[in-house]
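Descriptive analysis of the structure
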Amino acid sequence: MSNQISDILQLADQAIATDTEAVLATVVHIEGSAYRKPGAMMLICADGQSVGMISGGCLEPHIIKKALWLTRNGPVVQVYQTGEDLTEEAAAKTQAVDDIEFSIQTELNFGLGCNGRVHVLFERLDTARAYLETIRQVRQTQQPVTMATLIRSQEASHPVGLHVQLTSDSNAVQVASANNITADCDDLMNQAIQSLSAKYVSAKHIKSGLTQKPTEQKPTDFATITSVAQQDITQPVQTQWLVQQLQPQKRLLICGAGNDVQPLVRLAKMQDWHVTVIDSRSHYATRSRFMAADQVQCVPLDDTQTLLALSQNAAVAVMSHSLTQDRARLQVLLANPPLYLGQLGPKYRTERLIDEIKQAYQGDVNGLEQGIDQLYYPIGYKLGGDGPEALALGVMAQISAVMHGKENTLSASINAKEMKHASQPKTASDRRYKDRWAAQ
């Protein structure tokens with residue numbers, strides 16, 4: 001969901017400041033193949049401006065034209081079919097969504113051949129404002145939040161688009177926004193919210209999303225909840241929800257401010273990551289050289305506290321082209337491994353740095369082993385090409401694979417192709433995939 005969130009928040013602020021009508025469109029459920037995942041958003045303003053994408057560009061022209069009209073009576077969910085007419089097999093697969101008598105907007109078939117259905121929630125900015133503020137708060141505080149959004153209900157009085165922040169105290173209902181609804185929900189709604197809280201916000205779920213292994217994270221889920229009114233237990237009411245684990249921005253810390261860092265900064269910002277560049281050389285660490293970065297700081301080599309603070313919950317790339325700089329940064333980071341740690345330069349250079357760090361280390365060198373084992377060197381995948389841009393692409397690909405729990409799959413795929421086309425078999429150590437690259 002993170003792509004273009006910064007742009008959406010910025011345009012929302014602008015629309016509010018200028019009193020411009022706007023509509024937030026959010027993918028709340030998908031069936032079959034879809035370009036974007038649930039949680040993807042797009043903001044459409046009455047003055048013609050729009051940011052974000054909820055498809056590959058196929059649905060956007062229609063959505064831009066119809067968004068304001070669709071929301072004339074309040075939030076609404078529209079279903080878009082992206083394939084041919086549904087076959088019996090495809091219809092059976094989608095029956096799970098429609099197995100109860102929900103009032104669903106007329107489906108629009110775009111004949112794209114993707115064979116999927118995309119459910120999109122449309123809501124005016126005035127009702128979505130608190131939800132967007134929650135997203136902003138998550139980015140500012142670095143604290144994840146679990147949010148549930150009502151997609152459909154068999155009870156007509158339940159407002160579609162209701163955003164509820166789930167908490168570990170299932171009795172503490174925090175309604176973000178929707179049609180001026182307050183926390184005074186009816187009994188059926190409270191039952192549904194308590195069920196959602198029990199399922200998604202229990203003791204085992206209360207962790208910082210960025211400190212979990214990537215494979216443990218499930219950013220969105222689709223839930224159907226059955227509630228029973230006390231006055232009529234024979235008539236259960238079902239509701240459908242999008243449950244989101246709103247996560248902070250992914251963070252990238254780059255230790256080194258050489259020219260080859262500039263394309264890496266740009267690539268990370270294209271994915272809406274928070275990027276910090278540090279260097280102990282003040283003539284390198286300047287804002288004018290890294291306009292796209294969120295932070296550019298001159299950090300002395302002995303300022304361990306600042307380095308640790310910036311590397312917390314971050315991916316770190318050490319690439320200063322200076323033995324002195326890299327040694328000082330690496331010593332701290334090996335003892336306190338971040339989510340990802342990569343070192344630029346040939347294998348023998350990094351191993352020299354590790355040996356020097358071990359010899360000079362004041363504490364128990366065994367405390368460095370975890371960081372050494374997690375260190376990627378040489379940093380990045382070798383995807384071909386030459387120059388800073390090719391390096392940045394390989395580095396960003398590896399960091400993204402690690403942060404999303406896809407490293408083993410991607411590494412094995414790339415290595416298998418490399419082995420297949422090699423003129424001679426390449427030796428591979430028992431260590432990580434990075435060493436197999438270094439052995440070339």
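As a starting point, this report considers the structure included with it.

Calculation notes
- Residues numbered from 1 in each chain as written.
- Predicted model: local features only at pLDDT ≥ 70, side-chain atom pairs only at ≥ 80, totals over all residues.
- Heavy atoms only, no water.
- Helix = DSSP H or I, 4+ residues; strand = E, 2+ residues; numbered from the N terminus.
- Buried < 20%, exposed > 50% of the residue type's maximum accessible area, 1.4 Å probe, protein only.
- Contact = heavy atoms within 4.5 Å.
- Areas by Shrake-Rupley, 256 points an atom, 1.4 Å probe, with all protein chains shown as cover.
- Salt bridge = Lys/Arg side-chain N within 4 Å of Asp/Glu carboxyl O.
- Phe/Tyr/Trp six-rings, centres within 6.5 Å; stacked < 30°, edge-to-face > 60°.
- Lys NZ or Arg CZ within 6 Å of the ring centre and 35° of its normal.
- Axes fitted to C-alpha atoms, helices over the stretch in contact; angles between N-to-C directions.
- Parallel < 35°, antiparallel > 145°, perpendicular 65-115°, else oblique.
- Left-handed = near helix turned anticlockwise from the far one by under 90°.
- Nonpolar A, V, L, I, M, F, W, Y, C, P; charged D, E, K, R; others polar.
- Pairing = 2+ DSSP bridges.
- Expected span 1.5 Å × (residues − 1).
- Arc of directions from axis to C-beta.

Take the overall build of the protein next. In terms of regular secondary structure, the protein is built from 13 helices and 17 strands. Within the protein, buried positions represent 46% of all 440 residues. By sequence separation, contacts in the protein at least 24 residues apart represent 65% of the contacts at least 6 residues apart. For the protein, the exposed area adds up to about 21,300 Å²; of that, 48% sits on carbon and sulfur atoms.

For side chains of opposite charge, pairing can occur when their charged atoms come near one another. This structure, assessed with the given rule, holds 12 salt bridges. Two residues, Asp 272 and Arg 139, come together in a salt bridge whose shortest N-O distance is 3.1 Å. Of this pair, Asp 272 sits in the loop between α6 (261-270) and β13 (274-279) while Arg 139 sits in helix α4 (residues 125-141), and the two are 133 residues apart along the sequence. Here the two residues Asp 272 and Arg 139 agree in accessibility, since each one is buried. Through salt bridges with shared partners, one network takes in Asp 13, Glu 133 and Arg 136.

Once that is clear, we can look at the packing of aromatic side chains. Scanning all chains against the criterion turns up one aromatic pair. Where Tyr 340 meets Tyr 376, the ring centres are 5.0 Å apart and the plane angle is 20°; that geometry is what we call stacked. With Tyr 340 in strand β16 (residues 340-343) and Tyr 376 in strand β17 (residues 375-376), the pair connects residues that are 36 residues apart, well separated along the chain. On the basis of relative accessibility, which here comes to 1%, the residue Tyr 340 falls in the buried class. Judged by its relative accessible area of 4%, Tyr 376 is buried. One Lys or Arg, Lys 66, reaches over the ring of Trp 69 and ends 5.9 Å from the middle of that ring. Of note, Arg 72 hangs over the ring of Trp 69, and the distance from its end group to the ring centre comes to 3.8 Å.

This part is about the side chain of His 158. Tracing the sequence through the fold places His 158 in the loop between β7 (145-153) and β8 (163-166). Given the relative accessible area of 8%, His 158 is considered buried.

Two quantities define a packed helix pair, namely the angle between the helix axes and the distance between the axes. Two elements in contact, helix α7 (residues 304-311) and helix α8 (residues 323-335), have axes whose closest approach is 10 Å; the angle formed by their N-to-C orientations is 60°. When the interaxial angle is binned, α7 and α8 end up oblique. Between α7 and α8 the crossing geometry is right-handed. Touching Thr 304, Leu 307, Leu 308 and Ser 311 of α7 are Arg 329, Val 332 and Leu 333, all from α8. Looking at the contact of α7 with α8 residue by residue, the class counts come to four nonpolar, two polar and one charged.

Pairing in this open sheet of six strands is parallel, and the strands run β14-β13-β12-β15-β16-β17 from one edge to the other. The outermost strands of the open sheet, each flanked by one partner alone, are β14 (295-298) and β17. As paired elements, β16 and β17 share two bridges and run parallel to each other. Of the residues in β17, the one forming a bridge with Leu 341 is Leu 375. α6 rests against β12 (251-255) and β13 of the sheet, and its axis sits at about 160° to β13.

Before going further, it helps to examine the pairing of strand β6 (residues 116-124). Taking burial as the measure, the nine residues of β6 include nine buried ones, the bulk of the element. Alternating residues of β6 divide into Gly 116, Val 118, Val 120, Phe 122 and Arg 124 and Arg 117, His 119, Leu 121 and Glu 123, and every residue in both groups is buried. Pairing of strand β1 (residues 22-32) with β6, which is carried by nine bridges, proceeds in the antiparallel orientation. Within β6, the residue paired with Val 23 across the bridge is Arg 124.

Attention now moves to helix α1 (residues 5-17). When the terminal C-alpha atoms of α1 are compared, their 18 Å separation across 13 residues agrees well with the 18 Å that a helix rising 1.5 Å per residue should span. When we look at burial in α1, the residues that qualify are Ile 5, Ile 8, Leu 9, Leu 11, Ala 12 and Ala 15. Around the axis of α1, the buried residues are gathered within 165° of arc, so they sit on the same side. Those residues of α1 that are exposed and angled more than 90 degrees off the buried face are Gln 10 and Ala 17. Here the buried face of α1 lies against β1, β2 (41-45), β3 (50-52) and α4. Immediately beyond the C-terminal end of α1, within one or two residues, lies Asp 19, with a positive phi of roughly 55°.

On the secondary structure map, Met 319 appears in the loop between β15 (315-318) and α8. Under the relative-accessibility criterion, Met 319 is labelled buried at 1%. C-alpha separation for the pair Met 319 and Asp 279, spaced 40 residues apart in sequence, amounts to 9.9 Å. If we ignore the near neighbours within four places in the chain, the residues touching Met 319 are Ile 254, Cys 255, Gly 256, Asp 260, Val 261, Leu 264, Asp 326, Leu 344 and Leu 391.

Attention shifts here to the packing of α6 against helix α11 (residues 388-403). α11 packs onto α6 with a crossing angle of 45° between their chain directions and a minimal axis gap of 8 Å. Taken as axis vectors, α6 and α11 run oblique relative to one another. Of the two possible hands of crossing, α6 and α11 adopt the one that is right-handed. The residues of α11 that touch α6, namely those facing Pro 263, Leu 264, Arg 266, Leu 267 and Ala 268, are Pro 388, Glu 389, Ala 392, Leu 393, Val 395 and Met 396. By residue class, the composition of the contact of α6 with α11 is nine nonpolar, no polar and two charged.

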